[in-house]
Amino acid sequence: MVGNDWVNSYLEAILAAEPGIGNPKSSLLLRERGHFSPTRYFVEEVITGFDETDLHRSWVQAAATRSPQERNTRLENLCWRIWNLARQKKQVEVKNAKRISKRDLEREKARKEVDFFEGEKGDLPGELPTHNDNNTTGRMSRISSVDVFENWFAQHKEKKLYIVLISLHGLIRGENMELGRDSDTGGQVKYVVELARALGSMPGVYRVDLLTRQVSAPDVDSIYSEPTEMLNPLDTDSTEQENGERSGAYIVRIPFGPKDKYVEKELLWPHIPEFVDRALSHIMHISKVLGEEIGGGQQVWPVSIHGHYADAGDSAALLSGALNVPMVFTGHSLGRDKLEQLLKQGRPKEEINSNYKIMRRIEAEELCLDASEIIITSTRQEVEEQWSLYDGYDPVLELKLRLRMKKGMSCLGRFMPRTFVIPPGMEFHHIVPHDVDADGEAARDDENPQSVDPPIWSEIMRFFSNPRKPMILALARPDPKKNLVTLVKAFGECRPLRELANLTLIMGNRNDIDELSTTNASVLLSILKLIDKYDLYGQVAMPKHHKQSDVPEIYRLAAKTKGVFINPAFIEPFGLTLIEAGAHGLPTVATINGGPVDIHRVLDNGLLVDPHDQQAIADALLKLVSDKQLWLRCRQNGLKNIHLFSWPEHCKTYMARIASCKQRHPKWQRVEFENSDSDSPSDSLRNIHDISLNLKLSLDGEKGSSNNGVDTNLDAEDSAAERIANLEKAVTTLAQKSTLAEKFESKMPSMKRRKHIFVISVDCGTTSDLIAVVKTVIDTCGRGGSIGFILSTSMTISETHTALLSGGLKPQDFFAVICNSGSELYFTSSASEDNTALPYTLDADYHSHIEFRWGGESLRKTLIRWISSVEEKKKLKQGEVLSEDESSSTNFCLSFKVKDPSLIPPMKELRKLMRIQALRCNVVYCQNGSRLNVIPVLASRSQALRYLLVRWSIDLSNMVVFVGESGDTDYEALLGGIHKTVILKGIASDLRELHGNRSYPMEDVIPLNSPNITEAEECGPDAIKTALEKLSINLLKP
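Cut-offs used in this document
Residues numbered from 1 in each chain as written. Predicted model: local features only at pLDDT ≥ 70, side-chain atom pairs only at ≥ 80, totals over all residues. Heavy atoms only, no water. Helix = DSSP H or I, 4+ residues; strand = E, 2+ residues; numbered from the N terminus. Buried < 20%, exposed > 50% of the residue type's maximum accessible area, 1.4 Å probe, protein only. Contact = heavy atoms within 4.5 Å. Areas by Shrake-Rupley, 256 points an atom, 1.4 Å probe, with all protein chains shown as cover. Phe/Tyr/Trp six-rings, centres within 6.5 Å; stacked < 30°, edge-to-face > 60°. Lys NZ or Arg CZ within 6 Å of the ring centre and 35° of its normal. Pairing = 2+ DSSP bridges. Axes fitted to C-alpha atoms, helices over the stretch in contact; angles between N-to-C directions. Polar contact = N/O pair within 3.5 Å; in protein donor to acceptor, adjacent residues only side chain to side chain. Salt bridge = Lys/Arg side-chain N within 4 Å of Asp/Glu carboxyl O. Nonpolar A, V, L, I, M, F, W, Y, C, P; charged D, E, K, R; others polar. Core = buried A, V, L, I, M, F, W, Y, C linked by side-chain atoms within 4.5 Å.

**What about the overall build of the protein chain?**
And step 1. Within the protein chain, the regular secondary structure consists of 32 helices and 26 strands.
And step 2. Put simply, the protein chain has 1038 residues, and 57% of those count as buried.
And step 3. For the protein chain, the proportion of contacts with a sequence separation of at least 24, taken over those separated by at least 6, is 73%.
And step 4. Accessible surface, the protein chain: about 44100 Å² in total, of which carbon and sulfur atoms supply 49%.

**Regarding the environment of Leu516**
And step 1. Following the sequence through the fold, Leu516 ends up in the loop between strand 10 (502–506) and helix 17 (518–533).
And step 2. Discounting residues that sit within four places of it in the chain, Leu516 has contacts with Asn509, Arg510, Ala521 and Leu524.

**Focus on the packing of aromatic side chains**
And step 1. Scanning the entire structure with this criterion turns up 11 aromatic pairs.
And step 2. Measuring from centroid to centroid gives 6.5 Å for Tyr826 and Tyr840, while their planes differ by 70°, and the two rings are edge-to-face. A residue pair is termed long-range when its members are at least 10 positions apart, and Tyr826 in strand 18 (residues 824–828) and Tyr840 in strand 19 (residues 840–842) qualify at 14 residues. Tyr840 carries the same exposure label as Tyr826, and that label is buried.
And step 3. Site record: aromatic cluster; members linked through ring pairs are Phe329, Trp387 and Tyr390.
And step 4. Its end group placed over the ring of Phe256, Arg213 keeps NZ or CZ at 5.8 Å from the ring centre.

**Comments concerning the sheet that holds strand 16 (residues 787–792)**
And step 1. Strand order in the open sheet formed by 8 strands is 19-18-17-16-15-24-25-26, and the pairing between neighbours is mixed. Of all strands in the sheet, those with a lone pairing partner are strand 19 and strand 26 (1013–1016), marking the two edges. Strand-to-strand twist in this sheet, taken as the mean axis angle between neighbours without regard to direction, amounts to 25°.
And step 2. As paired elements, strand 15 (residues 756–760) and strand 24 (residues 959–964) share 4 bridges and run parallel to each other. Bridge assignment links Ile760 to a residue of strand 24, and that residue is Phe962.
And step 3. Contacting strand 16, strand 17 (816–819), strand 18 and strand 19, helix 27 (residues 797–806) crosses the sheet at an angle of about 125° to strand 17.

**A look at the side chain of His979**
And step 1. Structurally, His979 is set in the loop between strand 24 and strand 25 (980–984).
And step 2. Look at His979 and you get buried, because its relative accessible area is 7%.
And step 3. Engagement of the side chain of His979 in a polar contact is seen with the backbone oxygen of Leu974, the distance being 2.8 Å.
And step 4. The contacts of His979, once residues within four sequence positions are left out, are Asp277, Leu956, Met959, Val961, Leu974 and Asn1012.

**Quick word on the sheet that holds strand 23 (residues 931–936)**
And step 1. If you trace the 4 strands from one edge of the open sheet to the other, you get 20-21-23-22, paired in antiparallel fashion. In this open sheet, the two strands that pair with only one neighbour each are strand 20 (882–884) and strand 22 (921–926). Neighbouring strand axes in the sheet, compared pairwise and without regard to direction, differ in orientation by 25° on average.
And step 2. Both strand 20 and strand 21 (residues 894–898) contribute to a ladder of 3 bridges, which runs antiparallel. When the sheet's bridge partners are listed, Leu882 is paired in strand 21 with Val898.

**Some remarks on the pattern of salt bridges**
And step 1. Summed over the entire model, instances satisfying the criterion amount to 40 salt bridges.
And step 2. The salt bridge involving Arg402 is made with Glu398; its shortest N-O contact spans 3.2 Å. Within this pair, Arg402 and its partner Glu398 are both found in helix 13 (residues 395–406), separated by 4 residues, close to a single helical turn. Comparing Arg402 with Glu398, the two get one shared label, buried.
And step 3. Via salt bridges that share partners, Arg173, Glu178, Arg181, Asp182 and Asp221 belong to a single interconnected network.

**Some thoughts on the packing of helix 9 (residues 335–344) against helix 11 (residues 358–371)**
And step 1. Between helix 9 and helix 11, the shortest axis-to-axis distance is 9 Å and the interhelical angle comes to 145°. Contacts between helix 9 and helix 11 involve Gly335, Arg336, Lys338 and Leu339 from the first element and Ile358, Met359, Arg361, Ile362, Glu365 and Glu366 from the second.
And step 2. Of the residues assigned to the contact of helix 9 with helix 11, the class counts are 4 nonpolar, 1 polar and 5 charged.

**Points about the nonpolar core**
And step 1. Within the largest apolar cluster, 167 residues are counted, with the highest numbers of intra-cluster contacts made by Ile166, Phe275 and Phe962.
And step 2. Residues in contact with Phe275, not counting those within four places in the same chain, are Ile166, Leu168, Leu211, Thr212, Ile254, Phe256, Ser315 and Leu319.
And step 3. Judged by nonpolar contacts, the second largest core, of 38 residues, contains Ala474, Leu497, Met507 and Ala620.

**Some thoughts on the pairing of strand 23**
Consecutive side chains along a regular strand alternate between the two faces of the sheet.
And step 1. Judged by how many residues are buried, strand 23 sits mostly within the fold: 6 of 6 residues are covered.
And step 2. Where strand 21 lies against strand 23, 4 bridges are found, and the strand directions are antiparallel. When the bridges of strand 23 are listed, Lys897 appears paired with Arg931.
And step 3. Examined bridge by bridge, strand 22 and strand 23 share 6 bridges and lie antiparallel to one another. Within strand 23, the residue paired with Tyr925 across the bridge is Leu932.

**Let's talk about helix 19 (residues 576–583)**
Residues that lie three or four places apart on an α-helix share one face, since the helix turns once every 3.6 residues.
And step 1. For helix 19, the buried fraction is high: 7 of the 8 residues fall into the buried class.
And step 2. Every buried residue belonging to helix 19 is among Thr577, Leu578, Ile579, Glu580, Ala581, Gly582 and Ala583, and all of these are buried.
And step 3. Looking one or two residues beyond helix 19, the residue adopting positive phi is Gly585, at roughly 80°.

**A look at unusual backbone geometry**
And step 1. For Asp260, which is not a glycine, the phi torsion comes out positive at approximately 55°.
And step 2. When you line up the elements, Asp260 lands in the loop between strand 4 (248–254) and helix 7 (272–294).
And step 3. When its relative accessible area of 57% is taken as the criterion, Asp260 is described as exposed.
And step 4. For Asp604, which is not glycine, the phi torsion reads 50° and is therefore positive.
And step 5. Looking at where Asp604 falls in the secondary structure, it is placed in the loop between helix 20 (596–603) and strand 14 (606–609).

So, in C-alpha cells, the structure goes:
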C-alpha cells in the first residue's frame, strides 16, 4: 500500500518464499487448510485492515513498475488479487445493507399492524425500558419470580416431571469429558452434561434424558457406544429427592448417521430425520415406563424438549410437533452471525456453504424460532446483536405482542418466542477457595503442614525462576480469536508487570506443535518467538499437558499466589472460565466484547479492557497485581456473588421459565384415556371442543368456521363467551365420542397386523397420472394380505375421493388418507347408508395435535393483504396472481389458486415474508405449482406419519414411502427417517422447477447412499418389485 513500506517488504518476502501464488485454486484463508501459508494469512489481515482505495493504488503502482522479471509480474498479480478481494468485500457489505434495509421495512409493516388502535389501547405503561421486562436494573437477569417456580412446583410435584435435552454432535460422556478433542467437543458438551445432572437433582424432576448420537468407531472410546449412561447426582448428600427405578439423569445415545464412524457436525444434517424417528420411539417407551412407575398407568410425557445448537434444535422442533409438547432452544452459537463474519472476510458464499452447511443451519435456526416457546441465551448481547439478525425474531414486535397478550387482546395470528438470559451454571460444591488474610496474604495450612501439592503445581512452577510472584493466568485454546499473542506482547513490553508477576498460559494439550492444526500451530509459534524476543524465559509457563481434573487446581494456584485471571478474547460469547476463576477467588481482567460484560455486572470482581488495546491490557493487569486492597476487594466481591451462577440457581430460573409455557401434551379420545385428569378447566373444555369436530364430511363440504388463532403461548385464556360456545357445541356431540373411539379401535388392530404399510406420496402434475401410479403400486403389491396402504396427497378429501372413484379404486383399499399436504388425516370406513356422506372418519385428535401457533382467520386476512400487495407491486393487468380457493380450504389449511407460478416469489422468499410478519405456518407449493397450501407450522405429510406412531403405535420402520423423482415443496421431508423409500424414476420429474432457487442443496437434507432409499427404474410392476427386493421386502405371490 502506498506509504506503507512494511507492507511492500512483506509482499517481497512472500513472493521470494512462495512460487506459484497466482494459482486460482488456492484459497486466500489460513483456516481449514492442510498447511500454513503466510500469503493467505497476510491477505486475510490486509483485506480486513486497509481501505479499498489504498489497495487499488498499490496495484496501480505495481503495474506501473512492471518489468520482464517474473518476480514483479507476480507482485502485480498479488496486489490485484488483494484489491479485488477488498472490492468484493465492499460489494458484500452493500448487498447486506440492502437486505437488512428490506427486512427492516417488512418488519415495520408487521409492527404497525399490531400497534394499539384507538379504543383498544387500555392502560399501557408509559415507557418500556428494555426488550426483556425482567432486566430493569441493567444487571444480568436473574430469577425474579421464585414464587412462580414454587407455586408451579407445588402443582406439579405429584406428577414428577420428565425433561428431554438434545445435543447431537461431539463426544458426550458424564466423566472425564474430552473437551478440546475437536471443534465439536467443547464447552457445549460440558454445559449440557452439567445441566442434565443439575436438573436431575431438582425437586420435582423425576427423570432427565440427554439425547445424543451413539458412536461406535475404533478411534473413540467404547463408552460412546453404550446406549445409556447414568449421570451422578449433583449433590450426593441430598436425600430430599424420591428415587425410583428409572429416576435420575441419563445420557441416552441414539444410533443414526454413518455406522462405525465419528463425523463432524456438518455431515449430520441429512441424518436428522433418522434421529427424530428413533428418539421418538425412545421417548414414547420411557413415557410408558414412567406411566407405569409413577403415572398411575397414564403416560408421563416430557414437560419440555430442549434443543442445543441448530442440529438439535431442528430435531427438537420435529419431536415437539410429533409429541405436541413445548420446545425450548439454546443456540450456543448462531449461523447468521458466523455467515456475516465470514462474508466480511471476503469469502465466497458458495465456499462458506460448502464448508459449514451454513444455509441449512440457518434454516434450522429459523425453524426453531417458529416452533420454540422459549429461547434461552447466555447474554443480552446474543439477543440484541445475533438473534435480531433472523427473519423470525424481532424484539420490538415481540414486546408489542406480549403487551397485547397481557391486555387480553388478539395477537392477530402472530406469535413470537420469549427470550430469556440465563447464564450457564457451575458446580461449586467441590470448590474450596484458598484463604487469605486481610492484607491479601495467603494463609498457611497449619492444620496440615505436610499436605502434598497437586502434581500440576510443580509442572507449572518448574518454568519460573521466581515462583512466588503473582501468577497471571490465561486458559484458552491457541486460537487467533483468543488473542493470546496480544497478551504476551502486553506482558513482554511492560517492564513493571514483568517484575511483579509471572504469566501462565494453559493452551490445551499437545505432544508436538507440528501435529497441531495450522492455526493452533501458528499461534504457539508466535508466542514462542515473543518469549524469545522479550527474553521471558523463567517468567512464562506453557505446560504441554493437563487433565480436566487439574483445572480447579490451576485456579487455586493462581489464587494462592494472589494472581489474576485474564480472558483477552476479541469476542467472547459467554466466558465460563471467568465464572470458574471467580469461584476460586481470582480477580479477573476480561474483554469488553460479549458475555464478560454481563458477568462483570453481577460479580464486580475485576476490570474490563479493549482486547485490541495492548497498553490497556497491561495497565489493568498491573493495577490488580500491584494494588493489594483492590485485589482483595475484587476477590471478596466474586466470592460473595458467585452463587448467582450456580447450577441450582440456574435450574430455578430455568424451571420458572418452563412454568411460563402453557403445558400441552397428547390427549386422546380412546377409552383407556377417558379417566385422565385435566390440568385445568380450560384444558377440559378444549378436550370437549376437540370431540366436537366434524366426523363426516359432506360431498357438498360446507367449510367450518376458521380458527382465530387465539394465543396459547403464555397466560392467554379463552374468553367466557368462547367457553360457553365450546361447551354448547360439545353437548351436542358427546354422543358421537364413543362411536368415534369404537371405529378407530376396531380399525387399528387390522392395521397393526400388516407386515408393511405402503404410503403412496407421489405428486403428479395431473390427477390421471397420480391415479395411474396408485393403481400400479396397489396392483403390483396386492390388496389385503400382509400389506396395507395409505394415500398421502395435497388434495382435499373430496377431491381425493372423486379421483379414486374415477380410477376404479375404492376408499376401502386404504387404511388412511392424508390430505391437504398433511393438515388432515382420515381413516376409511365401510360404506354408509347415507349416500351423501363420504366413507371417511376424521381423526380429530390430529387437529388438536397440530394446532400450535395456527393463525387461522388472522393468517388468512394477512395472506389476502399480501396477495394484493404483490399484484400492486407487479402492476398486473391480466388479473389476480393468487386467489383464495374457499372450496379447498379447511380450518387447518388455507388454499390459494396460483394463476402463474412464475409471478409469485419462490418458496424461500415466501417463508421469509411469513417469518418477518411473525406468522408461523408451513407453506407448500403443490399440484405443479397451481395451488398454494398454507398449513400449521408443525404439520406436514412426514409429520403425519410420525403421528401414526405416537397415536396408534404404527412402527415407522415397517413403512415404505413411494415418491416420484420430485414433488411438492414438502417432498424432501418424505425421504429421510427410518422408513424405507422407493423413488419412482420418470414420475414427477417435471416438478423440479418448484424446488428452484433453493437456499441449500438437496444433499444437505437427503442422506446419500442410504440403505433405506432405492430407485425403481420405472413405474412398472417388475421395477417396483426389484426395488422392494433391494429393501429386503419380498412380495408374497398370490
